[in-house]
Every structure is written in structure tokens, then in C-alpha cells.
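Examining the three-dimensional arrangement
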Amino acid sequence: MIIIGERINGMFKAVSRAIKEKDKKVIQDLALKQIEAGAQFLDVNVGPAAANSMEAIEWLVKTIQEAGNFHLSLDSTKPEVIEAGLKLCKAKPMINSTTAQKEKLDILLPLAKKYNASLIGLTMNEKGVPSTVSGRTEMALQILAHTMEYEIPISDLYIDPLILPVNVAQDQASNVLEAIRECKLLSDPPPHLLLGLSNVSQKTLYRELINRTYVVMAITMGLDSAILDPFDKDLMDAVITAELLLNKDIYCDSYLDAYRRKEKAVGVKG
Ligand code: THG
């Protein structure tokens, strides 16, 4: 699994405050601790409150890279904010994200190419997120076709079928699972499949249990990457165990430790 740490997001009050007050330590601690916990990428989102998002993302990227040259996932709906971050990235970055809208693809695919970045493609367009499995799969196909046209390797494409909170869109959780399975069949080799896992449990009780259960179900369907909270050790252990049970790793009594050691030695995969 490719793990993208979700914690550097202005949605969290501590991060939003750190951005406002230019408190480097809060951000650098979050970066180092997420990597230590097993994240291979760090999602970087200035959040809704940032007064100047260009300046905020530049400060975040510079501040994080003072702690190490980590792979960053630049999370913004504004291409100009993403590009401001891309210009500063030292390790291969990820663009988070494009939608299936042609106008968006025609801006973000050239950016991915110019900066040799991976790209997350959300299965949505100007009308929103489709509620059916086939709607999501169709949009994934549009993103895939454009990626090929721009001659960007499919190994750099991450399709995100967009999981919604189970307390407001309960029927969507199973549709997303089905969409993951179908999107894996769209090309050979297939694109990566990614979720912003914590969305599923926003404002629910038993958040950790819902996240942990859903990630295992999604991995069974072919999920191979997720934006999640790497500080949730039970969640990370569930991810590692799901991959073991799908025969992606060799069993040994100390497989949890062995996986963590191997991840550290190998660094980023895919
Ligand atoms: N797909 C892609 N990118 C994404 C998402 C996605 N980026 C953002 C988001 N979704 C993934 N990241 C988070 C980060 C935090 C939370 C959920 C998803 C979260 N935050 C707490 C909350 O809302 O309850 C904040 C609590 C606090 O303030 O402390 O749950 O789907 N490509």
C-alpha cells in the first residue's frame, strides 16, 4: 500500500494556527512523525481558512522540506496553488487532484508532465460525484484516456472514486467498493486506486472502527493507496495484515515489524 499521511491539512485547527503564526515546529513534527509511522507521501492542504493559499502552500512545502525531502501530495482545487507547490518540490510529487472535466484535465495533465508528478484523478465532474458505479467508472475511463493522450505513464495515475461519509450517503460505500474493482479492469497495467479514507467516517461515532473495517474491504477490491491517518496504529496494522492475507507478503511471526522495516529500507514504491 502506498500511504499518504493526511495530517498536514488546514482542516485541523493546530495546522491552521501553525500556518497563520508561521510555527514551523508543528508542521515539521507532523511531517517527521507521519513518515516514521509509515507514510510514503505527505498530503499538503492549506485548508479553507488560509487567507493567501499560494503563499501558504509555498511556506508549507519549504517548511516540510527543511525536515527532509519527502514526497508531497499537493492537495488543492486551484491549479495555481498546486503549481506554486510543484515548483518547490525536491522529491517526485503528487498532484491532488484533477476531476474528469476536460478543462481541468487540460491544465493538470500538462502540469504533471512538466514536473514529472503523479496525478490523482477524482471520478467527478462539474455536475458532482456520480451516485452509480458505472458513472464513476466512466469518469475514470475519461481520465485514463486523457492520461494516455498526454503520454503520461499509467503508473503515475491514481484514480479516486471518492468515498463520502457513511452517515449521509450510506449506499455509496458499497458502490465505491464496486467501482474500485471495475476501475482495476480498465487498463493493463491498471491505474492505482486511491481513497481519502477518513471521509467515510466524518462525524460518525466509532470513527476508527469504520476506517479500519472499510480500508480492509477496499484493499480486497484492489485499493493500493490511501490518504489516511498514519498515527492510527490499529489502522496501519489492519492495512499490513490485509495485504498479508491477500498473499502480497510472506508470513512470518513478526510480519508487522518486518513490513515496517522493509518499508523504511525500500522507501516509496510504485
Ligand atoms: N480524496 C483526495 N484528497 C482528499 C480527500 C479525498 N483530501 C482531503 C480529504 N479527502 C482527506 N483528508 C482528510 C483529512 C482529515 C479528515 C478527513 C479527511 C478529518 N478531519 C477531522 C474532521 O473533519 O472531523 C478534523 C478534526 C479536527 O479538526 O481535529 O476527518 O477523498 N484525493
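Okay, so let's go over this structure. (Residues numbered from 1 in each chain as written. Predicted model: local features only at pLDDT ≥ 70, side-chain atom pairs only at ≥ 80, totals over all residues. Heavy atoms only, no water.)

1. A look at the pattern of salt bridges
Considering all chains together, one arrives at 14 salt bridges under this definition. Here Glu-36 makes a salt bridge to Lys-264, at a shortest N to O gap of 4.0 Å. Placement of the pair is Glu-36 in helix α2 (residues 24-36) and Lys-264 in helix α10 (residues 255-266), with a sequence separation of 228 residues. Judged by relative accessible area, which is 54%, Glu-36 ranks as exposed. Asp-234 is the partner of Arg-212 in a salt bridge, and the nearest nitrogen-oxygen pair spans 3.8 Å. You can see Arg-212 sitting in helix α8 (residues 207-221) and its partner Asp-234 sitting in helix α9 (residues 233-245), a full 22 residues away along the chain. (Salt bridge = Lys/Arg side-chain N within 4 Å of Asp/Glu carboxyl O. Helix = DSSP H or I, 4+ residues; strand = E, 2+ residues; numbered from the N terminus. Buried < 20%, exposed > 50% of the residue type's maximum accessible area, 1.4 Å probe, protein only.)

2. Points about the packing of α9 against α10
The contact between α9 and α10 brings their axes to 10 Å, and the two run at 95°. Classified by the angle their axes make, α9 and α10 are roughly perpendicular. Touching Lys-233, Met-236, Asp-237, Ile-240, Thr-241, Glu-243 and Leu-244 of α9 are Tyr-255, Leu-256, Tyr-259 and Arg-260, all from α10. Looking at the contact of α9 with α10 residue by residue, the class counts come to six nonpolar, one polar and four charged. (Axes fitted to C-alpha atoms, helices over the stretch in contact; angles between N-to-C directions. Parallel < 35°, antiparallel > 145°, perpendicular 65-115°, else oblique. Contact = heavy atoms within 4.5 Å. Nonpolar A, V, L, I, M, F, W, Y, C, P; charged D, E, K, R; others polar.)

3. Some details on the nonpolar core
Counting 71 residues, the largest nonpolar core has Ile-64, Leu-72, Leu-74, Ile-95, Tyr-214 and Leu-223 as the members making the most contacts within it. Listed in part, the 10 residues of the second largest apolar core include Ile-2, Leu-122, Leu-194 and Ile-227. (Core = buried A, V, L, I, M, F, W, Y, C linked by side-chain atoms within 4.5 Å.)

4. Regarding helix α7 (residues 172-183)
The end-to-end C-alpha distance of α7, which contains 12 residues, comes to 16 Å, matching closely the 16 Å that a straight helix rising 1.5 Å per residue would cover. Listed as buried for α7 are Gln-172, Ala-173, Asn-175, Val-176, Leu-177, Ala-179, Ile-180 and Cys-183. Buried residues along α7 sit against α6 (133-149), β6 (157-160), β7 (192-196) and α8. (Expected span 1.5 Å × (residues − 1).)

5. Remarks on the packing of aromatic side chains
Inspection of every chain in the model, using the stated rule, returns one aromatic pair. Geometrically, the ring pair formed by Tyr-251 and Tyr-255 is tilted, given 5.8 Å between the ring centres and 45° between the ring planes. We classify Tyr-255 as buried; its relative accessible area is 18%. The ring of Phe-12 carries Arg-7 above its face, with NZ or CZ at 4.9 Å from the centroid. (Phe/Tyr/Trp six-rings, centres within 6.5 Å; stacked < 30°, edge-to-face > 60°. Lys NZ or Arg CZ within 6 Å of the ring centre and 35° of its normal.)

6. What about a nonpolar patch on the surface?
A contiguous nonpolar surface patch, about 380 Å² in accessible area, is contributed by Leu-205, Tyr-206 and Leu-209. As for its placement among the helices and strands, Leu-205 is situated in the loop between β7 and α8. (Patch = residues over 30% accessible without salt bridge, like charges linked within 9 Å, V, L, I, M, F, W, Y side chains within 5 Å. Areas by Shrake-Rupley, 256 points an atom, 1.4 Å probe, with all protein chains shown as cover.)

7. Thoughts on the site of the ligand
Neighbouring residues of the ligand: 14 residues in total, closest Asp-75, Asn-96, Asp-160, Asn-199 and Arg-207. For the ligand, the protein covers 79% of the area, taking 670 Å² as the surface of the free molecule. For the shell around the ligand, the class distribution of residues is five nonpolar, five polar and four charged. (Near = heavy atom within 4 Å.)

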